[in-house]
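Residues per chain, in single letters:
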Amino acid sequence: MALLEILEFPDPRLRTKAKPVVRVDDSVRKLVANMFETMYDAPGIGLAATQVNVHQRIIVVDVSENRDEPHAFINPELTLSGEVLETEEGCLSVPGFYEPVTRHEFARVSALNERGESVELDLEGLLAVCVQHECDHLEGKLFVDYLSSLKRTRIRRKLEKAHRVRV
Ligand code: QAP
Ligand code: CO
């Protein structure tokens, strides 16, 4: 297992649209295991392959208190329903920033699991929000895209400055 490097906003590679996984094989399972390890280490509640510079449609999430309810979704498709609600969101690719974002209350996800089997799950609460956030990454979309351009620019400038001093 290995920790993967997480790309940070405004890295242009975060804008890449991910391609469907054609076969769930050992290389996909290895990537999923490394994504879980990276997410738990961070620590985070969700991670998309895009964030580790792999442009395949794979996300991992675990919103449980005890960090013992992992879900990996491969080629996820969402059907959204319910009311819209505002949740304070963050992102491992936008470290240190949390802002309210509007999402749907419920999501039905159809995907493949790590064994290549079709799964369908009805999600609500933080899990529904997190899966919507992670699926956005696969389209090259970030939660900062939902903020005002003023807020987004401020976040971009602060992160660019932080990246400059880091290297
Ligand atoms: C997406 O994000 C999410 O800024 C997952 O310094 C988050 O795991 C969906 C993290 C909230 C819905 C609500 C962020 C860790 C983790 C940071 C994460 C940070 C350290 C973010
Ligand atoms: Co994110």
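The structure we're discussing is the one just above.
Residues numbered from 1 in each chain as written. Chains lettered and ligands numbered in written order. Predicted model: local features only at pLDDT ≥ 70, side-chain atom pairs only at ≥ 80, totals over all residues. Heavy atoms only, no water.

1. Focus on the site of ligand 1
(1) Moving on: Around ligand 1 sit 19 residues in total, of which Gly-44, Ile-45, Leu-92, Gly-96 and Tyr-98 are the nearest.
(2) Moving on: One nitrogen or oxygen atom from the main chain of Gly-96 is found 2.7 Å from an oxygen atom belonging to ligand 1.
(3) Moving on: Protein chains bury 84% of the 510 Å² of accessible surface belonging to ligand 1 in isolation.
(4) Moving on: Every element with two or more residues in the shell around ligand 1 is listed here: β3 (71-89) and α2 (125-138).
(5) Moving on: Top contributing element to the shell around ligand 1 by residue count: α2, with five residues.
(6) Moving on: Residues of the shell around ligand 1, tallied by class, amount to eleven nonpolar, five polar and three charged. (Near = heavy atom within 4 Å. Polar contact = N/O pair within 3.5 Å; in protein donor to acceptor, adjacent residues only side chain to side chain. Areas by Shrake-Rupley, 256 points an atom, 1.4 Å probe, with all protein chains shown as cover. Helix = DSSP H or I, 4+ residues; strand = E, 2+ residues; numbered from the N terminus. Nonpolar A, V, L, I, M, F, W, Y, C, P; charged D, E, K, R; others polar.)

2. A look at the side chain of Arg-103
(1) Moving on: Counting through the fold element by element, Arg-103 comes out in strand β4 (residues 99-112).
(2) Moving on: Of note is the side chain of Arg-103, whose polar atom sits 2.7 Å from the side chain of Glu-89.
(3) Moving on: When residues no more than four places from it in sequence are discounted, the contact partners of Arg-103 are Glu-83, Val-84, Leu-85, Glu-89, Val-129, Gln-132, His-133, Asp-136, Phe-143 and Tyr-146. (Contact = heavy atoms within 4.5 Å.)

3. Let's talk about the coordination of the cobalt ion (ligand 2)
(1) Moving on: Protein-derived coordination of the cobalt ion (ligand 2) comes from Cys-91 (SG), His-133 (NE2) and His-137 (NE2), at a distance range of 2.0 to 2.3 Å.
(2) Moving on: For the cobalt ion (ligand 2), the single-chain donor residues occur in sequence as C-x41-H-x3-H. With His-133 and His-137 both in helix α2 and four residues apart, this pair spans about one turn of that helix. As far as burial versus exposure is concerned, His-133 and His-137 are alike and both buried. (Donors = N, O, S within 2.8 Å, 3.2 Å for Na, K, Ca; no water. Buried < 20%, exposed > 50% of the residue type's maximum accessible area, 1.4 Å probe, protein only.)

4. Remarks on helix α1 (residues 26-41)
(1) Moving on: If you check α1, its first and last C-alpha atoms are 22 Å apart, about what 16 residues at 1.5 Å a residue would give, namely 22 Å.
(2) Moving on: Residues of α1 that are buried make contact with β1 (46-48), β2 (58-61) and β3. (Expected span 1.5 Å × (residues − 1).)

5. Considering the pattern of salt bridges
(1) Moving on: The full count for this structure, using the stated rule, is 13 salt bridges.
(2) Moving on: Of the charged contacts in the structure, one is a salt bridge between Glu-8 and Arg-166, with a shortest N-O distance of 3.4 Å. Of this pair, Glu-8 sits in the segment before α1 while Arg-166 sits in helix α3 (residues 149-166); the two residues are 158 residues apart in sequence, bridging distant segments of the chain.
(3) Moving on: The class for Arg-166 is exposed, based on a relative accessible area of 55%.
(4) Moving on: Across the pair Arg-57 and Glu-139 runs a salt bridge, and its minimum N-O distance is 2.4 Å. (Salt bridge = Lys/Arg side-chain N within 4 Å of Asp/Glu carboxyl O.)

Distances and angles like these do not, on their own, reveal function.
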